[in-house]
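Residue strings, one per chain:
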Amino acid sequence: MSASRRSGTTDELGPDEPEQPVRDGADLLAALLDGMDAALCAFDADGVVTHWNREAERILGWSAAEAVGRQGFAGWAVRSADAGEVEDRLLSAMGAPGRQVHEFALLTKDGGRVLVRTQSASVRGPDGRPAGVYCAFSEVHAQIDLERSIALSEALLEDASWGVVLVDADLRPAVVNAHAARALGAGRMSVLGRPLGDLLAQGVEELENALTHVLAEGAPPGPAEVWVSLRTPEGERRRCWRSGFVRLASPLAEEPVPLGVGWLFQDVTEAKQGEQEAALLRFRANQLHRAARAAAECEDPAEAATVHLDFALAGFADHALIDRVVGGAASDTDEAEPVRLVRVAATPSGAPGPSVPSGTSGLPVRYGEGHPAVQCVERAGSVRASAGARSVPAEQVRRWATARQWPEDTVHGLCAVLRSRGRTLGVVTFLRGAGRSAFERPDAMYAEDVAVRIATALDLAGAVERP
């Protein structure tokens, strides 16, 4: 109890000796409790507050006169809904050996809320039986915040399901969690201190620009989607990482001192590819619909075939060719003969423009044996061809394209057969130049849809009738 109580008695002193106050045990205990840095209070066996020191008064605002004599903390130092649980936890120390440690929130006199950590222990009477409980408590906001920060850091670096990389001011990884190391295809220790260019084949410049911006200006308002290419033993692997960035600064310096950037990312490649494929399918379906409407306005069915070709080219290929079988349509029941093709229409080479008739006067195209267009007719199915990887020399690519009677800048080709009413009419060829990706299976399916429409138009035009 903070208030000191004097005994009021003195020893008899000589005339020259000053009177000295004498304190009893209660005064000494009150002085001792008030002089301690920790907040202290005590309860008797019935849960009534018997002691309350000055540090407890400083933390909660309740004076000793207001606190001593109250039954527990209910209605003043603890929310009424929590009072029963708090009292049970404190008084449980009377029946337990040693000290009990708890954390809960107390209420200040002005209505605030303080998180405290308590240590309580039993007080024994002369007969050895529990006579009450003493309780020491202190504010733990700073300690709890520190513990939470450490726990969060450990969880992010060990158990997080997204990548966490702490990049220093030189844009080199200083800390990498397990998920990020797996995403980068390297060990956690092997990536530390290395330039990002050693880890990524593409996307390095974009990522470094984002990190530099965060160091200079702070975190962006929202996450960014960064496309990168990883170097793997099987070659480059394209990935999309949804990334968030935070600038790290020392909390101990008066002026903010940049420590680097916290980079958190999650692999969303499959989701982004799904979105792109869905958007591409919608676009291509729309193109087919628009082509059908435009072709319906053409009086000449042959012109309608070129309209379908022009609409199909948008975003799909750089050039396109239509070749028909020499001598008319080849029925599936006809005897196999060498395939000869005549150019019907083509897009201009070297400049954008609509498809135009070839003007070759029915002369066969000089396709060699094994040409993709010839194979397409023989198999009655689509055929894909490519000059090779990006590392192939440009001169070798030109020779490859020239040998197939395609424009010199061609790198990838896709041939789809033109069939109508059980007959093979010819072949439509789509070509892509340098910088474009190779044709995939979904591209072949789209080309086959276009080929059906072109074949129908050519059949109506009578361009494939036997002489």
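Novice: Hey, could you run me through helix 10 (residues 372-379) in this one?
Specialist: Think of an α-helix as turning once every 3.6 residues; residues three or four places apart then point the same way. Of all the 8 residues making up helix 10, 6 are buried; the element is thus mostly covered by neighbouring parts of the structure. Looking only at helix 10, the buried set comprises Pro-372, Ala-373, Val-374, Gln-375, Cys-376 and Val-377. The inward-facing, buried residues of helix 10 abut strand 12 (319-325), strand 14 (341-346), strand 16 (383-386), strand 17 (410-420) and strand 18 (423-433).

Novice: Hey, could you run me through the pairing of strand 3 (residues 100-107) in this one?
Specialist: The two faces of a sheet get side chains in turn, since along a regular strand they alternate between them. Pairing analysis gives 8 bridges linking strand 3 to strand 4 (residues 113-124), with the strands arranged antiparallel. Residue pairing for strand 4: His-102 is matched across the bridge by Thr-118. The hairpin formed by strand 3 and strand 4 contains 5 residues between the paired strands, and Gly-111 there has a positive phi angle of roughly 95°.

Novice: I keep staring at the packing of aromatic side chains and nothing clicks. Help me out?
Specialist: Here the distance between the centres and the angle between the planes together describe a pair of aromatic rings. The full count for this structure, using the stated rule, is 13 aromatic pairs. Centroid distance Phe-73 to Trp-76: 5.6 Å. Interplanar angle 75°. Geometry classified as edge-to-face. Classification of Trp-76 by relative accessible area gives buried; the value is 5%. The interplanar angle of 65° and the centroid separation of 5.7 Å between the aromatic rings of Trp-400 and Trp-406 together place this pair among those described as edge-to-face. Trp-406 carries the same exposure label as Trp-400, and that label is buried. An aromatic cluster is present here, built from Phe-43, Trp-52, Trp-62, Phe-73, Trp-76 and Phe-137 joined pairwise through their rings. It is Arg-432 that lies over the ring of Phe-316; its NZ or CZ is 5.4 Å from the centre.

Novice: Quick question: what am I supposed to make of the packing of helix 9 (residues 301-313) against helix 12 (residues 441-461) here?
Specialist: To describe two helices that pack against each other, one gives the angle between their axes and the distance between the axes. The contact between helix 9 and helix 12 brings their axes to 7 Å, and the two run at 165°. Judged on the interaxial angle alone, helix 12 and helix 9 are roughly antiparallel. Along this stretch, helix 9 crosses helix 12, giving a crossing that reads as left-handed. Each of Pro-301, Ala-302, Ala-304, Ala-305, His-308, Leu-309, Phe-311 and Ala-312 in helix 9 lies in contact with helix 12, whose residues at this interface are Tyr-446, Val-450, Arg-453, Ile-454, Ala-457, Leu-458, Leu-460 and Ala-461.

Novice: Is there a simple way to explain the side chain of His-102 in this structure?
Specialist: As for its position among the elements, His-102 is in strand 3. Among the polar contacts made by the side chain of His-102, one reaches the main-chain carbonyl oxygen of Arg-89 at a distance of 3.3 Å. Look past the residues within four positions of His-102 in its chain and what remains in contact with it is Arg-89, Ser-92, Val-116, Arg-117, Thr-118 and Ser-120.

Novice: What is the right way to look at the sheet that holds strand 10 (residues 235-249) in this model?
Specialist: Sheets are built from strands paired through backbone hydrogen bonds, the pairs being either parallel or antiparallel. Within the open sheet, the 6 strands sit side by side as 7-6-11-10-9-8. Their pairing is antiparallel. Whereas interior strands pair on both sides, the edge strands pair on one side only; in this sheet they are strand 7 (173-176) and strand 8 (200-202). On average, each strand axis in the sheet is tilted by 40° relative to the strand beside it, whichever way the strands run. Where strand 8 and strand 9 (residues 224-232) come together, 2 bridges link them in antiparallel fashion. When the bridges of strand 9 are listed, Leu-200 appears paired with Leu-230. Across the sheet, helix 7 (residues 204-217) lies against strand 6 (163-167), strand 8, strand 9, strand 10 and strand 11 (258-267), angled at about 5° from strand 10, the strand it touches most.

Novice: What is the right way to read helix 7 from this model?
Specialist: When the terminal C-alpha atoms of helix 7 are compared, their 20 Å separation across 14 residues agrees well with the 20 Å that a helix rising 1.5 Å per residue should span. All buried positions along helix 7 are accounted for by Val-204, Leu-207, Leu-211, Val-214 and Leu-215. Looking straight down helix 7, one finds that the buried residues subtend no more than 100° of arc, so they occupy a single side. Exposed residues lying more than 90 degrees from the buried face of helix 7 are Glu-205, Ala-216 and Glu-217. Residues of helix 7 that are buried make contact with strand 6, strand 8, strand 10 and strand 11. Gly-218 sits one or two positions beyond helix 7 and adopts a positive phi of about 105°.

So, how was this worked out
Residues numbered from 1 in each chain as written. Predicted model: local features only at pLDDT ≥ 70, side-chain atom pairs only at ≥ 80, totals over all residues. Heavy atoms only, no water. Buried < 20%, exposed > 50% of the residue type's maximum accessible area, 1.4 Å probe, protein only. Helix = DSSP H or I, 4+ residues; strand = E, 2+ residues; numbered from the N terminus. Contact = heavy atoms within 4.5 Å. Pairing = 2+ DSSP bridges. Phe/Tyr/Trp six-rings, centres within 6.5 Å; stacked < 30°, edge-to-face > 60°. Lys NZ or Arg CZ within 6 Å of the ring centre and 35° of its normal. Axes fitted to C-alpha atoms, helices over the stretch in contact; angles between N-to-C directions. Parallel < 35°, antiparallel > 145°, perpendicular 65-115°, else oblique. Left-handed = near helix turned anticlockwise from the far one by under 90°. Polar contact = N/O pair within 3.5 Å; in protein donor to acceptor, adjacent residues only side chain to side chain. Expected span 1.5 Å × (residues − 1). Arc of directions from axis to C-beta.

By themselves, these observations are geometric and do not establish any function.
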